[in-house]
Amino acid sequence: TLYDQRMAHRFMDEDSLMTDGLAFLEAKVGKDHPYVAELCAELGMIHMEDENFKKASFLLERAWRIFREKLGKFDAQTLLAQEGLSMTLHMLG
């Protein structure tokens, strides 16, 4: 239907806006800043909810690597990113 087409287009626009936002943040604070990891983790969870597990796993792994390097392997954010990554990898098989 026309509604479905508009909604699909709207979500494609949101994805590109989120990607642009990530690129903007990287330019401001650096590619390995914890703020970048936070945004990657949030975007990864959104993609996981949308069942786009490849994008989710990429973003969650990136978040996990940054958090692990910057905050340590036992930090809560590191462990949450690790949990999200493990769930997406499980869903990918």
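Scroll up for the structure.
Presented here is an overview of the structure given in this document. (Residues numbered from 1 in each chain as written. Predicted model: local features only at pLDDT ≥ 70, side-chain atom pairs only at ≥ 80, totals over all residues. Heavy atoms only, no water.)

1. What about the packing of helix α2 (residues 34-49) against helix α4 (residues 76-92)?
Moving on, step 1. Following both chains from N to C, one finds α2 and α4 inclined at 30 degrees, their axes separated by 11 Å at the closest point. What the angle tells us is that α2 and α4 run roughly parallel. The handedness of the crossing between α2 and α4 is left-handed. Residue-level inspection shows Glu 38, Met 45 and Met 48 of α2 in contact with α4, the latter providing Gln 77, Gly 84, Met 87 and Thr 88.
Moving on, step 2. Tallied by class, the residues present in the contact of α2 with α4 amount to 3 nonpolar, 3 polar and 1 charged. (Axes fitted to C-alpha atoms, helices over the stretch in contact; angles between N-to-C directions. Helix = DSSP H or I, 4+ residues; strand = E, 2+ residues; numbered from the N terminus. Parallel < 35°, antiparallel > 145°, perpendicular 65-115°, else oblique. Left-handed = near helix turned anticlockwise from the far one by under 90°. Contact = heavy atoms within 4.5 Å. Nonpolar A, V, L, I, M, F, W, Y, C, P; charged D, E, K, R; others polar.)

2. A closer look at the nonpolar core
Moving on, step 1. Leu 22, Val 36, Cys 40, Ala 63 and Phe 67 are the most contacted members of the largest nonpolar core, which totals 15 residues.
Moving on, step 2. Every element with two or more residues in this core is listed here: α1 (2-29), α2, α3 (53-71) and α4.
Moving on, step 3. Looking at this core, the element that brings in the most residues is α3, giving 6 residues.
Moving on, step 4. The contacts of Val 36, once residues within four sequence positions are left out, are Leu 22, Leu 25, Glu 26, Val 29, Gly 30, Lys 31, Arg 62 and Ile 66. (Core = buried A, V, L, I, M, F, W, Y, C linked by side-chain atoms within 4.5 Å. Buried < 20%, exposed > 50% of the residue type's maximum accessible area, 1.4 Å probe, protein only.)

3. Quick look at α2
Moving on, step 1. Along its 16 residues, α2 runs 23 Å from first to last C-alpha, staying within 8% of the 22 Å computed at 1.5 Å per residue.
Moving on, step 2. Looking only at α2, the buried set comprises Pro 34, Val 36, Ala 37, Cys 40, Ala 41, Leu 43, Gly 44, His 47 and Met 48.
Moving on, step 3. Positive phi appears at Glu 51, one or two residues downstream of α2, with a value of about 65 degrees. (Expected span 1.5 Å × (residues − 1).)

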